[in-house]
Amino acid sequence: MSLHAPSRPLAFLTAALLLGGCTKDSSTPESEATANTLQKLRAEADRVKKGGAASARPEPETDKESRLAGLAAGMGDSGPSKLRLPARNDTVHVDTVAMKLTGLESSHSVRGRSGLGLTTEDLFLRVELVTQNVGTVPAPLSLDDAWLADAKGQTYALARDAQAVAGTRPLPTTWAPEQRTDVVLMFELPPEAVQDEGLALVVKGAGGDVRIPLR
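(A) Structural view of the pattern of salt bridges. For the coordinates displayed, the defined rule picks out seven salt bridges. E128 is the partner of R126 in a salt bridge, and the nearest nitrogen-oxygen pair spans 2.8 Å. Using a relative accessible area of 22% as the deciding quantity, one classes E128 as partly exposed. Here D196 and K152 are joined by a salt bridge, their closest N and O atoms 3.6 Å apart. Within this pair, whereas D196 is found in the loop between α5 (191-194) and β10 (200-205), its partner K152 is found in the loop between β6 (147-149) and β7 (155-157), the two being separated by 44 residues in sequence. Its relative accessible area of 9% is what places D196 among the buried residues.

Written as structure tokens, this is what we have:
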């Protein structure tokens, strides 16, 4: 935090208090709040002069809202980014349903066929899979409970709103014998997590959790 930036507003507030003749007896909630703010700023300045690190200035909520509105309008957003698939992209079996990763795409905004759109400061990750039941009997399997996990053990559940707008909806719950289905799963996670080398899609099958590497 710069110690010089607030000098003009502080001088103005101090002069206003002096011209208004504020005293302890005639103080108002506003003047008390201003005095408390000045006291905190002076204490911060004294702490920094004594060698302390300057505190980070919290980002105003209006700035966050403005940035989000800008992303929704396409400002500062270059559009969806296709991500490279892992070098080793093997077919994975969840019970008798074979799954193979066919596409990865990240973006700040998603839009459905109806025109409804969603925007996030983080990133939406679109995971595309081709699936097929290679068994001889119907295979029950729910992808609603699928999640992402990174190398640190952080997990990210299916982004329900984004899934309803831009993913496969409804998700199949049973695959008939030989049924082949393209599936799109939508997640929301921080940009650094998207680039995590240990990021994987985890699907819960009857035989246990199965990981599909994404990076």
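(B) View of the nonpolar core. The biggest cluster of nonpolar side chains holds 32 residues, and the ones touching the most others in it are L125, V127, L185 and L201. When contributions to this core are tallied by element, the ones reaching two or more residues are β2 (92-94), β3 (97-111), β4 (117-133), β9 (180-189), α5, β10 and β11 (208-213). By size, the runner-up hydrophobic cluster in this structure holds eight residues, among which are V165, A166, V184 and M186.

(C) How the structure looks around the environment of S107. By secondary structure assignment, the location of S107 is in strand β3. C-alpha of S107 to C-alpha of F124: the two residues are 17 residues apart in sequence and 5.3 Å apart in space. Once you skip the residues sitting within four places of it in the chain, S107 turns out to touch P80, L123 and F124. Reaching out from S107, the side chain makes a polar contact with the backbone oxygen of S109 at a distance of 2.9 Å.

(D) Region of interest: the pairing of β3. Counting buried residues in β3 gives eleven out of 15 residues, a clear majority hidden from the surface. Sheet topology places strand β1 (residues 81-82) next to β3; two bridges connect them, and they run antiparallel. Looking at β3, one finds that S81 is bridged to S106. In terms of strand pairing, β2 meets β3 through three bridges, oriented antiparallel. When the sheet's bridge partners are listed, V92 is paired in β3 with M99. The sheet contact formed by β3 and β4 spans 13 bridges and is antiparallel. Bridge pairing links V110 to L118 in β4. The antiparallel pairing of β3 with β4 creates a hairpin that spans five residues between the two strands, and G115 there sits at a positive phi of about 100 degrees.

(E) Broad picture of the side chain of E105. Tracing the sequence through the fold places E105 in strand β3. Here K82 takes part through its side chain, which lies 3.3 Å from a polar atom of the side chain of E105. Those residues within four positions of E105 in sequence are excluded, and the remaining contacts are P80, S81, K82, F124, L125 and R126.

Thresholds applied
- Residues numbered from 1 in each chain as written.
- Predicted model: local features only at pLDDT ≥ 70, side-chain atom pairs only at ≥ 80, totals over all residues.
- Heavy atoms only, no water.
- Salt bridge = Lys/Arg side-chain N within 4 Å of Asp/Glu carboxyl O.
- Buried < 20%, exposed > 50% of the residue type's maximum accessible area, 1.4 Å probe, protein only.
- Helix = DSSP H or I, 4+ residues; strand = E, 2+ residues; numbered from the N terminus.
- Core = buried A, V, L, I, M, F, W, Y, C linked by side-chain atoms within 4.5 Å.
- Contact = heavy atoms within 4.5 Å.
- Polar contact = N/O pair within 3.5 Å; in protein donor to acceptor, adjacent residues only side chain to side chain.
- Pairing = 2+ DSSP bridges.

That's the geometry; what it means functionally is another story.
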